[in-house]
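The lines below spell out each chain.
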Amino acid sequence: MLVRAITAPGLRRWCQGRRGAVAACFPLGRVLLGVRGAEAAVFLQGLLTNDVTPLVAAGDAPPALYAHALNVQGRCLYDVILYRLHRSTAEEPHILLECDSSVLDSIQKHLKLYKIRRKVTIAPCPDLSLWAVIPGEQPGDASSLPKCADQALLLAPDPRAEVMGWRLIAKKGANVSEIIPGSQVGDVQDYHRHRYKQGIPEGVKDIPPGVALPLESNLALMNGISFTKGCYIGQELTARTHHMGVIRKRLLPVRFPEPAPGSPVPEGAEILTQAGKRAGKFRAGAGELGLALLRLAHVSEPLCVRLGGDTVMLRATTPQWWPKAAAK
């Protein structure tokens, strides 16, 4: 056992807020990297948008943090979630870094490029599995959940938004129905549909490396950035945009009429208003749901995308969990 799980009381509070609900557990196509050593937090602090120091601070440290790694031009390279594995400040810092599986090699090269003489080791964790745990609506016995928390390596609230439930890290091959009694293993496509509906980007399709900007990708709304932590790679443009207070485009959930278009909407497809003005670009989707980078001035208008000779209508929405000022 590498680390205690998130305490049973924390899981109990989650259950009590959703009495009569059964959790769905989704196996994720993302991977985990271990960053371990005395300078692990200092090393990551200069590479990521969020303040990593709370992960190694004394007291009630957060179990997980969301962040992006940026390039020197301030554009997103990797979206990551960090997990604290060490139990106390007396132990050697041990942080797990979750990332898109398709960028495992490149993110390792990125980290090792800046490692220099830092006292850290960086290694994949193929013996661990990663799950998203989303509350369901079906009747079930939620009272049985707290007793199983100590069987997980880590069970932490998703740091991006409460609507995304929890992240579960277990040993490869672990039976999640034993870890969370009454839960069901879900189709990962349903997980993607859920996050598209909530406007939560994840991975390289939603956040194209070297293309996407962190504030347009709603990083600040998802607790993924600190504006007081000091310097990190790509900070200048991000800080200037934040202090100017002008964000004209944002990543938003979109919905096509059901049934969904017969052919998939290409990534990067132009989205237009009915008057033919450019409103934004489609990023990625599943069925009738997806994400698009849209100009906020056109969000409330009827929108469309042209597929071949057809014009397909779509509608953008503002997620309910957003602060009201974010959509302006």
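Presented here is an overview of the structure given in this document. On a predicted model such as this, the values are computed, not experimentally measured, just so you know.

Turning next to the overall build of the chain. If you tally the helices and strands in the chain, you get six helices and 16 strands. Evaluated residue by residue, the chain yields a buried proportion of 52% over its 328 residues. A separation of at least 24 residues holds for 73% of the contacts in the chain among residues at least 6 apart in sequence. For the chain, the accessible area works out to roughly 15400 Å², and carbon and sulfur atoms hold 51% of it.

Under the criterion given, the structure shown has 14 salt bridges. The salt bridge partner of Glu202 is Arg160, with a shortest N-O separation of 2.8 Å. Taken together, the positions of Glu202 in the loop between helix H5 (188-198) and helix H6 (235-244) and Arg160 in the loop between strand S8 (154-157) and strand S9 (166-171) put the pair 42 residues apart, joining distant regions of the chain. Just as Glu202 is buried, Arg160 falls in that class too. Residues participating in the shared-partner salt-bridge network are Arg30, Asp79, Glu98, Asp158, Arg160, Arg167 and Glu202.

Let us look at the pairing of strand S4 (residues 76-84). Remember that side chains alternate between the two faces of the sheet whenever the strand is regular. Counting buried positions along S4 gives nine out of nine residues, so the element sits mostly inside the fold. In the sheet, strand S3 (residues 64-70) pairs with S4 via seven bridges, with the strands oriented antiparallel. Its bridge partner lying in S4, Tyr66 is registered against Ile81.

One open sheet accounts for five strands, arranged S8-S9-S7-S1-S10; its pairing is mixed. In the strand order of this sheet, the two ends are held by S8 and strand S10 (184-185), each with one partner. Looking at chain direction, strand S1 (residues 23-27) and S10 are connected through two bridges and run parallel. Along S10, the bridge assignment pairs Ala24 with Gln184.

Three or more residues of H5 are buried, namely Tyr191, His192, Arg195, Tyr196 and Gln198. Projected down its long axis, H5 carries its buried residues within an arc of 165 degrees, all on one side. Buried-residue contacts for H5 involve S1, strand S7 (128-135), S9, strand S11 (249-255), strand S13 (278-286) and strand S14 (289-295). For H5, the capping residue at the N-terminal end is Asp187, with a side-chain oxygen 2.9 Å from the backbone nitrogen of Gln189. Once H5 ends, the next one or two residues include Gly199, with phi positive near 75 degrees.

Time to look at the sheet that holds strand S15 (residues 303-307). Read once around its circumference, the closed barrel built from six strands follows the order S11-S14-S13-S12-S15-S16, with strand pairing classed as antiparallel. Each strand of the sheet is rotated relative to its neighbour by a mean of 45 degrees, with strand direction disregarded. Where S11 and S14 come together, seven bridges link them in antiparallel fashion. If you follow Pro253 over to S14, its bridge partner there is Leu291.

What follows covers the side chain of Thr273. For Thr273, the location among the structural elements is in strand S12 (residues 270-273). Judged by its relative accessible area of 2%, Thr273 falls in the buried class. If sequence neighbours within four positions are ignored, Thr273 has contacts with Ala279, His298, Glu301, Pro302, Leu303 and Cys304.

Turning our attention to the pairing of S9. Burial runs high along S9: five of the six residues are buried. When S7 meets S9, the two strands line up antiparallel, connected through six bridges. The residue bridging Ser129 from the neighbouring strand is Ala170, located in S9.

Time to look at the nonpolar core. Core analysis: the biggest nonpolar cluster contains 32 residues, and Leu32, Tyr83, Leu96, Leu128, Ile169 and Tyr191 have the highest contact counts within it. Those elements giving two or more residues to this core turn out to be S1, S3, S4, S7 and S8. No other element matches the four residues that S7 contributes to this core. In contact with Leu128, not counting residues within four places along its chain, are Leu32, Leu96, Leu153, Ile169, Ala170, Lys171 and Lys172. Residues Ala40, Tyr78, Leu104 and Ile107 belong to the second largest nonpolar core, which totals 27 residues.

Rules used throughout
Per chain, residues are indexed from 1 in the order of the written sequence. Given that this is a predicted model, residues contribute local features only at a pLDDT of at least 70 and side-chain atom pairs are listed and counted only at 80 or more, while totals for whole chains, interfaces and linings are drawn from all residues. Heavy atoms throughout the structure, all of them, feed into the side-chain values; hydrogens and water do not. Helical segments are the DSSP runs of H or I of at least four residues, strand segments are the runs of E of at least two, and each set is numbered from the N terminus. For every residue, the accessible area (1.4 Å probe, protein chains only) is compared with the maximum for its type, and the residue is labelled buried under 20%, exposed over 50%, or partly exposed between those bounds. Contacts were defined at the residue level, with two residues in contact if any of their heavy atoms lie within 4.5 Å. For accessible areas, the Shrake-Rupley method is used with a probe of radius 1.4 Å. Any residue's cover is judged against the shown protein chains and nothing else. Here, a salt bridge means any Lys or Arg side-chain nitrogen found within 4 Å of an Asp or Glu carboxyl oxygen. When DSSP finds at least two bridges between two strands, those strands are taken to pair. The directions from the helix axis to the C-beta atoms are what the arc is built from. Under the rule applied, a polar contact is a pair of N or O atoms within 3.5 Å (in protein, one hydrogen donor and one hydrogen acceptor; residues adjacent in sequence only if both atoms are side-chain atoms). Helix axes use the C-alpha atoms of the stretch in contact, all axes being lines fitted to C-alpha atoms, and the angles between their N-to-C directions lie in the range 0 to 180 degrees. Here, the term nonpolar core denotes a set of buried Ala, Val, Leu, Ile, Met, Phe, Trp, Tyr and Cys residues that are joined through side-chain atoms within 4.5 Å.

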